[in-house]
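# Analysis of the macromolecular model
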Amino acid sequence: MRIRRLKLSGFKSFVEPSELRIEPGLTGVVGPNGCGKSNLLEAIRWVMGEGSPKSLRGGGMDDVIFAGTATRPPRDFAEVSILIERNRTDDGGLSGESEVTRRIERGAGSAYRLDGRDVRAKDVSLLFADAATGAHSPALVSQGKVGSIIAAKPTERRLLLEEAAGISGLHARRKDAEQK
Ligand code: ATP
Ligand code: MG
């Protein structure tokens, strides 16, 4: 699975609608301190289902919405979309492009869409779990996370390895089936 494009509106410092194309190969994001580099990575984790405000450096989920500055009023919603391209051999026989969107309204929680259709948070997390990625993927290492991986208990490290090996999607599906 590859992320081809990222669209943001009202997400943290990205107040105006912004669109970034991600070309094949290695992509670097450079800029002065505080310009929004980490916010971009957080947008990707958020649209993939991150549910913990703390790991997005906020106190509550609404903190991802542009909070306003001295010259601009706050926004009342944030929306992030990623266009993903699936590859038949890596993504369980699925191929083609899909757009995943998450939108949060101030005080009203968030909702997901997959190619324009309303879907559950669980559908989005299964989609990414099968591709061995997602909000908690070990492929996303945030500032300060390196130390906690080194200090992880063996059971926690096993979860990281399972994610990396792409089998955590199977566990999620088994749990889902057992509950039915
Ligand atoms: P560094 O190089 O120091 O790691 P960075 O480029 O990663 O910096 P970020 O941490 O992504 O920068 O961006 C921080 C900026 O985002 C700050 O100016 C902060 O005020 C702004 N910001 C974060 N959340 C919001 C929000 N909800 N509304 C408006 N601005 C926000
Ligand atoms: Mg940063």
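Residues numbered from 1 in each chain as written. Chains lettered and ligands numbered in written order. Predicted model: local features only at pLDDT ≥ 70, side-chain atom pairs only at ≥ 80, totals over all residues.

Next up on the list: the pairing of strand β1 (residues 2-9). Note that β1 and strand β3 (residues 77-86) share seven bridges and pair antiparallel. Within the sheet, the bridge partner assigned to R2 lies in β3 and is E85. The pairing of β1 with strand β2 (residues 18-21) spans four bridges and is antiparallel. Counted as the bridge partner of L6 is L20 from β2. (Pairing = 2+ DSSP bridges. Helix = DSSP H or I, 4+ residues; strand = E, 2+ residues; numbered from the N terminus.)

This part is about the environment of V29. For V29, the location among the structural elements is in the loop between β2 and α1 (37-47). C-alpha separation for the pair V29 and L41, spaced twelve residues apart in sequence, amounts to 9.9 Å. Leave out the neighbours within four places in its chain, and V29 touches K37 and L40. (Contact = placed C-beta atoms within 7 Å.)

With that settled, the discussion passes to the site of ligand 1. Close contacts around ligand 1 come from 14 residues, with N33, K37, S38, N39 and A67 the closest. Classifying every residue of the shell around ligand 1 gives four nonpolar, seven polar and three charged. (Near = placed C-beta within 6 Å. Nonpolar A, V, L, I, M, F, W, Y, C, P; charged D, E, K, R; others polar.)

Attention now goes to the pairing of strand β5 (residues 109-114). Summarising the sheet, strand β4 (residues 96-105) and β5 pair through six bridges and their orientation is antiparallel. Bridged to I104 within β5 is S110. The turn joining β4 and β5, which pair antiparallel and follow one another in sequence, is formed by three residues; a positive phi near 80 degrees is taken by G107. Strand direction decides the pairing type here: β5 and strand β6 (residues 117-119), joined by three bridges, are antiparallel. By the bridge assignment for β6, L114 is matched with R117. Taken together, β5 and the strand that follows it, β6, pair antiparallel across an intervening segment of two residues, in which D115 is found at a positive phi of about 50 degrees.

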